[in-house]
Amino acid sequence: MNGYVEAGYGFVLGGLGAYWAWLASRNSRVKKALIPIPVENERRRPNSSNPRQGER
Amino acid sequence: MKEGDRTPLTQDRERDRLSEQQEVSDLLNDRAIFEPPLPKRAKRRRALKIWSPFVVLALALGFLLVRGLGNALVYFRTVDETLSMEATLGTSTFRLEGVVVPQSVTTNNQGGVDFQVSGVDGRRISVIDSANPPQLFQANLPVVLVGYLSHGTFYSNQIMVKHSSSYIAAHPSRVASLGGKKL
Amino acid sequence: MKLKIAQRYLAASALVAIAATVVLGLFITPPDAVQGNLARLVYVHPAVAWVAYLAYGVTTLASSLYLWRPTRSLRWDRLASSSAEVGVVFTALTLITGSIWGRPAWGVWWTWDARLTTTAILLVLYLGYLALRAVPMPADKRAKRSAIAALFAFIDVPIVHESVVWWRTLHQGATVASLGMNAKIHGIMAWTMLLGFVAFTLAYCALVVFRYRIAQGEDSLRERQISQWQSERLAQSQSDADRVSELLDNANSKSNVKMV
């Protein structure tokens, strides 16, 4: 078209896509850190029947 | 003396015991701990990482405020204001706003254009521009020019086109309208 | 779990709406009489700017709800921080697309007019808000401080919006949201612009929900870390205390022996 329009659309789509990707990587890092619950901790808290600590 | 020897010691022990209790209760209270226990050097590096953004942002804010107050409040002068202030302006640089007069535009040998801008009531100022005008530059559009006034002529070294906020299809007859007013 | 499902639907609908906006904006809509193809940026730039306002509005609302005692909850704090972060992304995109539009249309990438300057100030203010949130503090203290900061930062939003009315600017006035509500755009161009607003608002919602879920995860991770540090320090201080009282006992018994 004239380069500027494409660049404008490209920055918006690319920017939002990059932010989404960054959030996804943060999310997987948090998830990974949260899932392995040490057995000792589980024994110490017998009432915590909910293994999904990431959700509330 | 025997009594005196013993009393401070028990007082010390009592004080230690109390402070220890305080410490333990602090530890049990969530408010006491919110960062990992770190060695001194790591702590300093961490503090730098936390506080340096504030310094950068404060500098940026100061810069923006200074530039903004210096430029944005009176971003341009209109043709009429410029003509009435002509005597006091000298050759200071400022921004001039006016509408490009139709049929006044000619290219000059400096790579720019010569033209006239008019104000609200039709008064005009001649412009000699030395910069390549932007793509949208055309008659009847308002422009903002950066330059100075000399003997009634405005010498511009930058043209900015101040287009309107209206959007109208270029070839309305070729476009079917999807609801709304007919184009 | 519900949030995850909501996020999935929001993201999917945002994706469809954005794709439709791009197709309509780039290929179906006619070029503008004055700006030609450049006017196609009107389908993204104002919409992205609107989302930035919306995001900061949500941050302000959530911060107020945190500050008001009856509704005080860290949930509002999480929403405020999530929305502010997404708002910063959209503000940056507003400045970038505006600059890309300004170069061919005005002739300059940047100029110090009131609209551009106040928007840049807006970005700096909310980056400051995010920097404040990065300072280690107890959760409740951080929530309170950043809520107050958010209220102050929001003052710039109406200034940005009204800047084209209050001051002389190179930036044009509002196309749609002027006081008389007499839009200066019609037909398929207007519909595409509206679709753009809907599309980027949906994208905002999806991003905020995603960011909020991460904030939840990070908070429970922090809680776990804090309790770990607590038990470590507790154990440390107890062994210290044991050693001290042992030494004191020794000293005491020695002095007692001496005294006897």
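Residues numbered from 1 in each chain as written. Chains lettered and ligands numbered in written order. Predicted model: local features only at pLDDT ≥ 70, side-chain atom pairs only at ≥ 80, totals over all residues. Heavy atoms only, no water.

Under an unreviewed UniProt entry, chain C has the name Heme exporter protein C and belongs to Acidithrix ferrooxidans. Under the Sequence similarities (unreviewed entry) heading, UniProt states for chain C: "Belongs to the CcmC/CycZ/HelC family." (UniProt positions renumbered as here; feature names shortened; annotations may be inferred.)

J.: What am I meant to see in the overall build of chain C here?
T.: Secondary structure assignment for chain C yields seven helices and zero strands. Written out in order from the N terminus, the α and β elements of chain C read α-α-α-α-α-α-α. Here chain C holds 260 residues, and the buried ones make up 53% of them. In chain C, the proportion of contacts linking residues at least 24 apart, taken out of those at least 6 apart, comes to 76%. (Helix = DSSP H or I, 4+ residues; strand = E, 2+ residues; numbered from the N terminus. Buried < 20%, exposed > 50% of the residue type's maximum accessible area, 1.4 Å probe, protein only. Contact = heavy atoms within 4.5 Å.)

J.: I tried to follow the interface of chain B and chain C on my own but got confused; where do I start?
T.: Think of interface size as the accessible area that goes away when the parts come together; that is how it is often given. Taken together, the 65 residues of chain B in the interface contact 65 residues of chain C. Together, the buried faces of chain B and chain C total about 5900 Å²; carbon and sulfur atoms form 66% of this surface. There are one salt bridge connecting chain B and chain C. Of the charged contacts in the structure, one is a salt bridge between R168 of chain C and E81 of chain B, with a shortest N-O distance of 2.6 Å. Put simply, chain B and chain C have eight residue pairs in polar contact (both at pLDDT 80 or more) between them. Secondary structure elements with two or more residues in the side of chain B that touches chain C: α1 (2-28), α2 (40-71), β1 (77-78) and β7 (153-161) of chain B. In terms of residue count, α2 of chain B provides more of the side of chain B that touches chain C than any other element does, 14 residues in total. Residues belonging to the side of chain B that touches chain C are distributed by class as follows: 36 nonpolar, 13 polar and 16 charged. (Buried area = accessible area lost by both parts, 1.4 Å probe. Salt bridge = Lys/Arg side-chain N within 4 Å of Asp/Glu carboxyl O. Polar contact = N/O pair within 3.5 Å; in protein donor to acceptor, adjacent residues only side chain to side chain. Nonpolar A, V, L, I, M, F, W, Y, C, P; charged D, E, K, R; others polar.)

J.: Explain the interface of chain C and chain A here, please?
T.: With 41 residues of chain C at the interface, the matching set in chain A holds 29 residues. Buried area between chain C and chain A, both sides added, is near 3400 Å², and the carbon and sulfur share of it is 69%. The interface formed by chain C and chain A includes two salt bridges. One salt bridge connects E218 of chain C with R26 of chain A, and the closest N-O pair in it is separated by 3.7 Å. Elements supplying a minimum of two residues to the side of chain C that touches chain A: α1 (2-28), α3 (74-105) and α7 (187-259) of chain C. Counting residues per element, the side of chain C that touches chain A draws most heavily on α7 of chain C, which supplies 14 residues. Tallied by class, residues from the side of chain C that touches chain A come to 24 nonpolar, seven polar and 10 charged.

J.: Is there a simple way to think about the packing of helix α2 (residues 45-67) of chain C against helix α5 (residues 139-154) of chain C in this case?
T.: To characterise two packed helices, one gives the angle between the axes of the helices and the distance between these axes. Residue and element names in this part refer to chain C. Viewed as axis vectors pointing N to C, α2 and α5 meet at an angle of 135 degrees, and their least axial separation amounts to 9 Å. What the angle tells us is that α2 and α5 run oblique. The handedness of the crossing between α2 and α5 comes out as left-handed. When α2 is examined against α5, the residues Y53, Y56, G57, T59, T60, S63, S64, Y66 and L67 are found in contact with a partner set consisting of D140, A143, K144, A147, I148, A150, L151 and F154. Split by residue class, the contact of α2 with α5 holds 10 nonpolar, five polar and two charged. (Axes fitted to C-alpha atoms, helices over the stretch in contact; angles between N-to-C directions. Parallel < 35°, antiparallel > 145°, perpendicular 65-115°, else oblique. Left-handed = near helix turned anticlockwise from the far one by under 90°.)

J.: It is not clear to me how α1 of chain C should be interpreted in this structure. Could you clarify?
T.: The α-helix advances 3.6 residues per turn, and as a result positions three or four apart in sequence lie on the same side. Its 27 residues give α1 of chain C an end-to-end C-alpha distance of 37 Å, which sits within 8% of 39 Å, the value for a rise of 1.5 Å per residue. Among all positions in α1 of chain C, only Q7, A14, A17, I18, T21, V22, G25 and L26 of chain C are buried. (Expected span 1.5 Å × (residues − 1).)

J.: It is not clear to me how the UniProt feature "transmembrane region" (unreviewed entry) in chain A should be interpreted in this structure. Could you clarify?
T.: The sites that carry the UniProt feature "transmembrane region" (unreviewed entry) are, in the present numbering, residues 6-24 of chain A. The distance from the first to the last C-alpha atom of residues 6-24 of chain A is 26 Å, and the span holds 100% helix and 0% strand.

J.: I keep staring at the environment of Y4 of chain A and nothing clicks. Help me out?
T.: Structurally, Y4 of chain A can be placed in helix α1 (residues 4-34). According to the relative accessible area criterion, Y4 of chain A is partly exposed, its value standing at 25%. Residues contacting Y4 of chain A, with those up to four places away along its chain left out, are L38, L41, I100, R103, P104 and W109 of chain C.

J.: Would you mind showing me how to read the packing of α2 of chain C against α3 of chain C here?
T.: All names here are of chain C. Following both chains from N to C, one finds α2 and α3 inclined at 160 degrees, their axes separated by 7 Å at the closest point. Compared by their axis directions, α2 and α3 come out roughly antiparallel. Between α2 and α3 the crossing geometry is left-handed. Partitioned by chemical class, the residues of the contact of α2 with α3 number 19 nonpolar, nine polar and one charged.

J.: Help me understand the pattern of salt bridges, please; the structure alone is not making it clear to me.
T.: Two side chains of opposite charge can pair, provided their charged atoms sit close to one another. All told, the structure shown has seven salt bridges over all chains when counted by the stated rule. Among the salt bridges present, the one from R133 of chain C reaches D77 of chain C, with a minimum N-O distance of 2.9 Å. Linking R133 of chain C in helix α4 (residues 114-133) with D77 of chain C in helix α3, this pair joins segments that are 56 residues apart in sequence. Taken individually, R133 of chain C and D77 of chain C each receive the classification buried, so the pair is uniform in this respect. Here the residues in one salt-bridge network are R26 of chain A together with E85, R211 and E218 of chain C, joined through shared partners.

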